[in-house]
Amino acid sequence: MKLAKALKTGGEVDSWCTKCKMVLNHRIIAMLGPKPIKVECSTCMSHHNFRQFAPGAAPAKGAKLIGGSAPRPARVSSVTKLEQERREREQQWERAIAGKAMGDFKRYNVSATFEQGQLVRHTKFGDGVVTRILDANKVEVLFKDEPRTLAQGLQ
Ligand SMILES: [Zn+2]
């Protein structure tokens, strides 16, 4: 389960891309209160309005809407939990990357396809490891700072 993090302009968020037709990692260009309104796709670099879900897709039951008024846990415990999660991810990343040679990394591009556990080198995000194959066109890659949803196998 992914904990909500504070969103800010210049930060990152998963959004529906109107061009890629997928929910992918985006950079926030403009915010309105706690909600991103304009985003840039990290895959195709297009600018468009923020949209948390695919058109017509109903949010999963219990899913937390960004900017919504769902009750949140006490601040202190959530910060500690986030921090702990971040540390665990960093350790996971370090274990995956440690002692690997340049040649062990596959250069990331949207038309390449990846396997779980594969090491990836991304021009923008650096070194990462594939933690999950989401579907034929989407993978989750854990980078040093955080996991990101990236496109794969696009023609
Ligand atoms: Zn895109």
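Preceding block: the structure.
Residues numbered from 1 in each chain as written. Predicted model: local features only at pLDDT ≥ 70, side-chain atom pairs only at ≥ 80, totals over all residues.

1. A short note on the sheet that holds strand β1 (residues 12-17)
With respect to topology, 4 strands assemble into an open sheet ordered β1-β2-β3-β4, the strand pairing being antiparallel. With partners counted over all chains shown, the strands left at the sheet margins are β1 and β4 (47-49), one partner each. Direction aside, the axes of adjacent strands within the sheet are offset by 50° on average. Summarising the sheet, strand β2 (residues 22-32) and strand β3 (residues 35-41) pair through 6 bridges and their orientation is antiparallel. Along β3, the bridge assignment pairs R27 with E40. (Pairing = 2+ DSSP bridges. Helix = DSSP H or I, 4+ residues; strand = E, 2+ residues; numbered from the N terminus. Axes fitted to C-alpha atoms, helices over the stretch in contact; angles between N-to-C directions.)

2. Quick word on unusual backbone geometry
The residue K21 is not glycine, and still its phi comes out positive at about 60°. The residue M45 is not glycine, and still its phi comes out positive at about 65°. Along the chain, M45 turns up in the loop between β3 and β4. The class for M45 is exposed, based on 9 C-beta atoms found within 10 Å. (Buried ≥ 20, exposed ≤ 12 C-beta atoms within 10 Å, placed from the backbone.)

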